[in-house]
Amino acid sequence: MKRDGATTSLWQASIPDYVSSTNTPPAQPVDVLIVGGGITGITTALLLQQQGKSCIVAEAQNLCFGTTGGTTSHINSFFDTTYDNIRSDFGAEGAQTVARATRQALDLFAHHVNTYNIDCGFAEKDAYLYAQNEDEANRLEKIMNASLEAGANVAYASQVPISDQYIKAIVFPRNAQIHPTQYVHALAKVFEEAGGIILQQCTVGHYTGNTEMLEVETSLGTIKARNLVYASHIPPGINILHFRAHPYRSYAMALMLEDDAQYPDALVYDMKDPYYYYRTQEVEGKRYLIAGGEDHKTAHVENTDACFQQLEANVRKLFGIKEVAFKWSSQYFEPSDGLAYIGHLPGAGENVFVATGYSGNGITYSHIAARTLTDLIVTGQSEYAQLFRPGRVKPVAGFTEFVKENVDVIKEFFSKRFSQQQLNELADLAPGEARVVKWEGESIALYKDDGGKLFAVDPVCPHAKCAVGWNSAERSWDCPCHGSRFAPDGTLLTGPARKGLEPIDLAKLVEE
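Here the structure is a predicted model, which means the values were calculated and not measured. (Residues numbered from 1 in each chain as written. Predicted model: local features only at pLDDT ≥ 70, side-chain atom pairs only at ≥ 80, totals over all residues. Heavy atoms only, no water.)

Enquirer: Please set out the packing of aromatic side chains residue by residue, giving values where relevant.
Expert: Note on aromatic pairs: each is described by the distance of the centres and the angle between the planes. A full pass over the atoms with the stated rule returns 17 aromatic pairs. For the ring pair F109 and Y183, a centre distance of 5.1 Å and an interplane angle of 35° mean the geometry is tilted. One end of the pair, F109, is in helix α2 (residues 83–115); the other, Y183, is in helix α4 (residues 180–193), and 74 residues separate them in sequence. Like Y183, F109 is buried. An aromatic cluster is present here, built from F78, F172, Y269, Y275 and Y277 joined pairwise through their rings. (Phe/Tyr/Trp six-rings, centres within 6.5 Å; stacked < 30°, edge-to-face > 60°. Helix = DSSP H or I, 4+ residues; strand = E, 2+ residues; numbered from the N terminus. Buried < 20%, exposed > 50% of the residue type's maximum accessible area, 1.4 Å probe, protein only.)

Enquirer: Before we move on, can you summarise the packing of helix α1 (residues 39–50) against α2 with the specific residues and values?
Expert: The interhelical angle for the contact between α1 and α2, taken along N-to-C directions, is 70°, at an axis separation of 13 Å. On the basis of the axis angle, α1 is roughly perpendicular to α2. On α2, the residues that touch I39, T43, L46 and L47 of α1 are L108, F109 and H112. Along the lines of polarity and charge, the residues of the contact of α1 with α2 split into 5 nonpolar, 2 polar and no charged. (Axes fitted to C-alpha atoms, helices over the stretch in contact; angles between N-to-C directions. Parallel < 35°, antiparallel > 145°, perpendicular 65-115°, else oblique. Contact = heavy atoms within 4.5 Å. Nonpolar A, V, L, I, M, F, W, Y, C, P; charged D, E, K, R; others polar.)

Enquirer: Would you mind going over the sheet that holds strand β23 (residues 485–486) in detail, with residue names and values included?
Expert: Judged by pairing direction, the sheet is antiparallel, and its 4 strands sit side by side in the order β21-β22-β23-β24 without closing on themselves. For this open sheet the edge positions go to β21 (469–471) and β24 (492–494), each flanked by a neighbour on one side alone. Pairing geometry for β23 and β24, over 2 bridges, is antiparallel. By the bridge assignment for β24, F486 is matched with L492. (Pairing = 2+ DSSP bridges.)

Enquirer: Which residues make up the pattern of salt bridges, and what are the values?
Expert: Summed over the entire model, instances satisfying the criterion amount to 15 salt bridges. Close ionic contact of R226 with D31 constitutes a salt bridge, the shortest N to O distance being 3.0 Å. Highlighted residues: R226 in strand β10 (residues 223–230) and D31 in strand β1 (residues 30–35), separated in sequence by 195 residues. Exposure remark for R226: the relative accessible area of 34% places this residue in the partly exposed category. (Salt bridge = Lys/Arg side-chain N within 4 Å of Asp/Glu carboxyl O.)

Enquirer: Provide a residue-level description of the pairing of strand β4 (residues 123–131), including the pertinent values.
Expert: Bridge analysis of β4 against strand β6 (residues 168–177) gives 8 bridges, and the strand direction is antiparallel. The residue of β6 that forms the bridge with Y130 is A169. Taken together, the 3 bridges between β4 and strand β12 (residues 267–269) define a ladder with parallel strand orientation. Residue pairing across strands places Y128 opposite V268, the latter belonging to β12.

Enquirer: How would you sum up unusual backbone geometry? Please name residues and give values.
Expert: Both trends apply: most residues other than glycine have a negative phi, and most peptide bonds are in trans. Of note, the bond from D273 into P274 is cis; its omega dihedral lies within 30 degrees of zero at 0°. Secondary-structure assignment places P274 in the loop between β12 and β13 (277–283). Omega for the bond connecting G495 with P496 falls within 30 degrees of zero, at 25°, which places this linkage in the cis form. Position of P496 relative to the elements: it lies in the loop between β24 and α9 (506–511). Of note in this structure, N117 is not a glycine but carries a positive phi near 50°. Along the polypeptide, N117 turns up in the loop between α2 and β4. The exposure class assigned to N117 is exposed, which follows from its relative accessible area of 69%. The phi angle at Q201 is positive, at roughly 55°, despite the residue not being glycine. Note that Q201 resides in the loop between β7 (197–199) and β8 (204–209).

In structure tokens:
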């Protein structure tokens with residue numbers, strides 16, 4: 001299965017691309033057009049369909065091409081933004097709402113797996129969070145107290161499955177894990193068999209219309225829809241959410257261990273910053289330890305291969321590794337104030353919706369979003385709408401993070417804008433190497449593939465005119481401002497950009 005990077009994830013290795021039953025948009029209007037064929041888009045489509053709504057899912061590539069194909073697939077009852085921080089910024093009621101939402105999300109996973117008999121490795125597991133020094137222990141105590149106050153199911157733990165090097169630990173019972181692409185493909189089949197339409201290789205452009213009916217431009221023709229949902233990880237174009245949700249890369253490995261007894265029968269997280277996390281998944285009769293971590297802002301680390309090396313070194317401190325079977329990275333968006341943005345898209349009509357800013361909890365948030373969006377479209381209200389509304393403005397929550405992140409964006413925006421000029425001298429690149437080359441103060445992005453072919457593109461991201469950086473691990477040009485990603489030849493991999501990097505004809509430039 002194709003994914004948005006050069007590395008191969010465990011979830012795509014043995015699964016072919018999903019084959020849609022049709023690739024022709026209907027002539028008649030539909031109730032909802034959903035942009036994005038990941039776990040949020042497909043789940044939302046199925047829930048809306050069950051409420052009597054006609055739906056189309058439009059995916060620019062293939063199902064699970066984006067972050068769903070690169071997740072580590074933990075289903076948590078707690079988020080990266082801990083309950084004490086949620087309580088501080090959103091009140092006790094906000095923390096209670098999050099605890100309730102996470103539990104309902106897990107129940108929805110279980111319901112789908114049982115109802116449709118989906119073979120996807122779904123299993124409930126306890127989740128452990130452990131501290132290794134006094135500062136971490138103090139933070140853990142705050143998390144414990146706030147989690148109990150929020151109504152989360154949590155207790156102190158007398159052991160940690162992967163290590164005895166800790167001074168305090170807590171456990172959240174009945175969290176879960178899943179094989180994400182098997183799950184999404186199964187839901188997609190159920191959706192199509194009930195009359196739903198999934199259009200793959202279908203890019204979505206601008207839309208016009210009003211709250212009664214929208215006309216949406218796509219690469220397969222115009223689609224008329226009463227509602228539009230952006231489940232594409234981040235909405236396209238320029239929107240306030242691009243300054244409230246900041247792109248990060250995260251790294252993962254699936255490893256085979258020397259000792260079967262070392263595979264943890266649980267989800268386990270340390271408290272480092274960024275933290276490391278571990279779990280076990282059996283795929284096609286083989287057991288894998290899945291480890292993740294080494295997160296950083298997109299395009300802010302030059303040697304991304306080193307992130308894999310550091311992750312592996314950390315794993316080797318705890319486990320005897322027989323083989324690194326798979327390694328991959330993926331992208332997520334960190335919200336300024338700690339909670340996802342789910343609901344009406346700011347600046348758009350009341351019938352345009354969005355789900356983004358999932359932080360590192362995308363699998364859980366996918367089902368919170370699916371329920372919330374379904375309720376908003378069907379009834380006009382949701383128990384989660386106020387807490388997660390994308391247009392919320394909180395003067396305290398997330399303000400420091402908002403300023404820090406966007407000062408960096410502004411620096412990138414203004415300090416690295418280049419005009420395209422004639423290039424008379426090319427860099428000496430090794431096969432598989434890329435760099436941005438300057439000539440007389442101007443720049444061009446160059447990549448040489450393994451066969452020696454040279455690709456040249458304008459390094460200016462078409463979204464907001466920031467300069468891209470090279471991701472050596474995934475062999476992609478990544479935008480540090482808002483997270484758009486491009487193939488070596490400039491082809492758009494993931495938005496919010498609507499088009500790829502402008503290719504440059506080197507032969508023509510040399511002739512000139």
